[in-house]
Amino acid sequence: MIVGYVLVGSFAGALVSVVALLLGASLWLAFGLYALVGSAVVIIVPTARMLTGDLAFLARVTASEHPLQNRPDNLSDPAGALRRPDPTALKPLGQSRQV
């Protein structure tokens, strides 16, 4: 995946560099644009992909699927928040519950 980002950045930088040379820019400016655009693409593309993935995940999570909605100590239920957990529900490893 990272190699793909580098290849896309290199191609975009080379394309901008060639266009700059065709428009009459100096060789140093074309090289600088190659480095600038290539680096920017390598940073922006994964960031945009991460953000769109996070936003899509947040859109899929509905209120009924949200983990805080299904907890017994939900803040929308103040009495449930004050309930104590069953002391036999969780035991340290190596101990079993007595029935």
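Scroll up for the structure.
All right, on to helix α1 (residues 2–22) then. Helix length check: α1 (21 residues) gives 30 Å between terminal C-alpha atoms against 30 Å at 1.5 Å per residue, within 8%. Within the span of α1, buried status applies to Tyr5, Gly9, Ala12, Gly13, Ser17 and Ala20. Axial view of α1: buried residues confined to an arc of 135 degrees, hence all on one face. In α1, the exposed positions that point more than 90 degrees away from the buried face belong to Val3, Leu7, Phe11 and Leu22. Looking one or two residues past α1, Gly24 carries a phi angle of roughly 100 degrees, positive in sign.

Bringing the side chain of Ser17 into the picture now. If you trace the backbone, Ser17 turns up in helix α1. Judged by its relative accessible area of 12%, Ser17 falls in the buried class. Apart from residues no more than four positions distant in its own chain, Ser17 is found in contact with Ala30, Phe31 and Tyr34.

Conventions used here
Residues numbered from 1 in each chain as written. Predicted model: local features only at pLDDT ≥ 70, side-chain atom pairs only at ≥ 80, totals over all residues. Heavy atoms only, no water. Helix = DSSP H or I, 4+ residues; strand = E, 2+ residues; numbered from the N terminus. Expected span 1.5 Å × (residues − 1). Buried < 20%, exposed > 50% of the residue type's maximum accessible area, 1.4 Å probe, protein only. Arc of directions from axis to C-beta. Contact = heavy atoms within 4.5 Å.

Keep in mind that these numbers describe shape and distance, not what the molecule does.
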